[in-house]
Amino acid sequence: MNAIPLVVLIVALLLVGVELGFVKAQLSVNFYDQTCPNVDAIVTGTITKLAEQSNVVPPSTLRLLVHDCFVEGCDGSILISSTATNLAERDAPDNQNFPQAPFDAIVEAKKAVEVVCPGVVSCADILAMSARDAVVFTGGPFWNVSKGRRDGLVSNAFRVAGRLPQASFDTRLLADNFAQVNLTVPDIVVLSGGHTIGVSHCNQFTDRLYNFSSFQQTDPSMDPSFVRTLKTQCPQVGKIPSTVQLFDVTTPFVFDNAYFKNLQQGLGLLFSDQVLFNDPFTRQFVNQLIASEEVFFQAFVDAMIKMTSIGVKTGTDGEIRRDCTAFNPPTVFKDHS
Ligand code: HEM
Ligand SMILES: *[C@@H]1O[C@H](CO)[C@@H](O)[C@H](O)[C@H]1NC(C)=O
Ligand SMILES: *[C@@H]1O[C@H](CO)[C@@H](O)[C@H](O)[C@H]1NC(C)=O
Ligand SMILES: *[C@@H]1O[C@H](CO)[C@@H](O)[C@H](O)[C@H]1NC(C)=O
């Protein structure tokens, strides 16, 4: 049998496979084993040091990863700074309440990595590892981060709208939003457990306190004394958006399953949090996560691995950014004539 037609057939099948997406470059835990074997340790060292200095770092870093992955996939697009000619993702309205700390943390981790293995590790991978380290630092589960993401070449503020879940969303809107990135309803519940650490600005939930509906001033699913406390912290008049409140009033900077227990007590901070308990369909998942922190941790790890695979660029797509805040400058071909 002639071997040439066989080779042609195999190549053709591979091309069709790549086109249909069933033969795609995979992320791997060992991706940098030859080129940057200590990358995880270097990133963990930087994030741990910064987290010890400020409790803002772990929650905001975890959230930064979410906002990266939901827009253009997990490709470091949120790290790009705006320029005179491009208003970048991070300056979109949905991203304006981020502190500077997580952006600085990624830049610092990248610098530490570049010292040892210049030009090898993507900013997208560093962000994925950093978020894992933020979870571990606060007492949550460890997982091995699969790597090999390439950094994206697109970061536009105008492409953010409609892609990120909103605090006002009910379970249906959350489901529609997460479905856009192939995440399921159980994934929504489990991943919302990220709100076991960190804070929210008052303007994300003041409608629940003062303007819930045409029939009710306050959201009836909220614990009344929680409402009273929040009203003193978040006055309606003035609406100072810079005031922040803890997501988990019981263990605010510990990664545990208290977030879900709080929902049972009417202590969910956002409408999108409390609704996970109010809706009987999602409540069954909440109750499973209340019953066992071990179950929550395992489910969280599985869901994070799914989330950090959204729209990843691999192989020769994208680039390995030198500076996480800027696209690489175009290659200049020197004229030696
Ligand atoms: C289910 C849909 C989600 C909605 C509607 C949502 C919404 C929000 C909002 C409004 C804030 C407060 C931002 C601010 O005012 O500063 C926030 C913060 C946060 N979110 Fe989410 N989020 C969602 C999913 C997630 C997921 C999947 C994770 C991680 C697995 C996550 C982790 C965090 C963390 C850690 C913070 C605190 C940030 C800080 O303290 O700086 N969120 N989220
Ligand atoms: C992570 O990978 C290491 C090395 O392969 C392995 O020993 C360890 O058990 C893994 N940890 C988890 C939580 O999967
Ligand atoms: C979701 O899955 C579909 C079908 O497998 C795929 O075409 C699409 O690219 C996926 N979307 C993301 C954001 O991963
Ligand atoms: C109250 O809620 C309605 C409907 O969401 C909104 O149009 C209105 O601007 C809100 N009022 C205040 C004072 O925030």
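Residues numbered from 1 in each chain as written. Chains lettered and ligands numbered in written order. Predicted model: local features only at pLDDT ≥ 70, side-chain atom pairs only at ≥ 80, totals over all residues. Heavy atoms only, no water.

K.L.:
Describe the packing of helix α7 (residues 185-192) against helix α12 (residues 280-291), with residues and values.
P.N.:
For the pair α7 and α12, the least separation of the axes is 10 Å and the interaxial angle reads 45 degrees. With respect to each other, α7 and α12 are oriented oblique. Here the hand of the crossing between α7 and α12 comes out right-handed. Between α7, through Val185, Pro186, Val189 and Val190, and α12, the contact on the second element is made entirely by Phe281, Thr282, Phe285, Val286 and Leu289. (Axes fitted to C-alpha atoms, helices over the stretch in contact; angles between N-to-C directions. Helix = DSSP H or I, 4+ residues; strand = E, 2+ residues; numbered from the N terminus. Parallel < 35°, antiparallel > 145°, perpendicular 65-115°, else oblique. Left-handed = near helix turned anticlockwise from the far one by under 90°. Contact = heavy atoms within 4.5 Å.)

K.L.:
Could you give an account of the environment of Leu153, naming the residues involved and the relevant values?
P.N.:
Mapped onto the elements, Leu153 comes out in the loop between α5 (123-137) and α6 (171-179). Residues in contact with Leu153, not counting those within four places in the same chain, are Gly318, Glu319 and Phe327.

K.L.:
Give me the lowdown on the nonpolar core, citing residues and values where you can.
P.N.:
Within the largest apolar cluster, 68 residues are counted, with the highest numbers of intra-cluster contacts made by Phe260, Phe300 and Met307. When residues of this core are sorted by domain, at least three fall in each of domain 1 (18-163) and domain 2 (171-304). Discounting residues that sit within four places of it in the chain, Met307 has contacts with Leu65, Val66, Cys69, Phe70, Cys74, Leu183 and Leu191. Formed by 14 residues, the second largest nonpolar core is a distinct cluster that contains Cys202, Phe205, Phe226 and Leu269. (Core = buried A, V, L, I, M, F, W, Y, C linked by side-chain atoms within 4.5 Å. Buried < 20%, exposed > 50% of the residue type's maximum accessible area, 1.4 Å probe, protein only. Domains from an automatic or database assignment.)

K.L.:
Residues and numbers for the state of the cysteines, please.
P.N.:
For the structure shown, the criterion picks out 4 disulfides. Note that Cys36 is cross-linked by a disulfide to Cys117, the S-S spacing being 1.8 Å. Residues Cys36 and Cys117 are joined by a disulfide whose S-S torsion is about 50 degrees; by sign, that bridge is right-handed. Here Cys36, found in the loop between α1 (3-20) and α2 (39-53), pairs with Cys117, found in the loop between α4 (101-116) and α5; they are 81 residues apart in sequence, far enough to count as distant. There is a disulfide in this structure between Cys202 and Cys234, and the S-S distance comes to 2.1 Å. For the disulfide bridge between Cys202 and Cys234, the dihedral angle about the S-S bond is near -60 degrees, and by the sign convention the bridge is left-handed. On the criterion of sequence distance, the pair formed by Cys202 in the loop between β1 (199-201) and α8 (206-210) and Cys234 in the loop between α9 (224-233) and β2 (244-246) is long-range, its members being 32 residues apart. An identical accessibility class is assigned to Cys202 and Cys234; each is buried. Ordinal numbering of bonded cysteines along the chain defines a disulfide pattern of 1-4, 2-3, 5-8, 6-7. (Disulfide = S-S within 2.5 Å.)

K.L.:
Please give an account of the packing of aromatic side chains that cites residues and values.
P.N.:
This model, assessed by the stated rule, comprises 13 aromatic pairs. Measuring from ring centre to ring centre gives 5.1 Å for Phe70 and Phe178, while their planes differ by 75 degrees; the resulting arrangement is edge-to-face. With a gap of 108 residues between them, Phe70 in the loop between α3 (57-69) and α4 and Phe178 in helix α6 connect regions that are remote in the sequence. In this structure, Phe70 and Phe178 share a single accessibility class: buried. Linked through ring pairs, Trp143, Phe255, Tyr259, Phe260, Phe296, Phe297 and Phe300 together constitute an aromatic cluster. The cationic tip of Arg63 hangs over the ring face of Phe98; the distance from NZ or CZ to the ring centre is 4.2 Å. (Phe/Tyr/Trp six-rings, centres within 6.5 Å; stacked < 30°, edge-to-face > 60°. Lys NZ or Arg CZ within 6 Å of the ring centre and 35° of its normal.)

K.L.:
A description of unusual backbone geometry should follow, citing residues and the corresponding values.
P.N.:
Residues other than glycine seldom take positive phi values, yet Glu72 does so here, at roughly 70 degrees. With respect to the helices and strands, Glu72 occurs in the loop between α3 and α4. For Glu72, a relative accessible area of 16% gives the class buried. Here the phi dihedral of Asn182 falls at roughly 65 degrees; this positive angle occurs in a residue that is not glycine. By secondary structure assignment, the location of Asn182 is in the loop between α6 and α7. By relative accessible area, Asn182 is classed as exposed at 65%.

K.L.:
Can you lay out the coordination of the iron atom of ligand 1 for me, pointing to particular residues and giving the numbers?
P.N.:
No other protein atom reaches the iron atom of ligand 1 as a donor apart from His195 (NE2), found 2.1 Å away. Within the element layout of this structure, His195 appears in the loop between α7 and β1. (Donors = N, O, S within 2.8 Å, 3.2 Å for Na, K, Ca; no water.)

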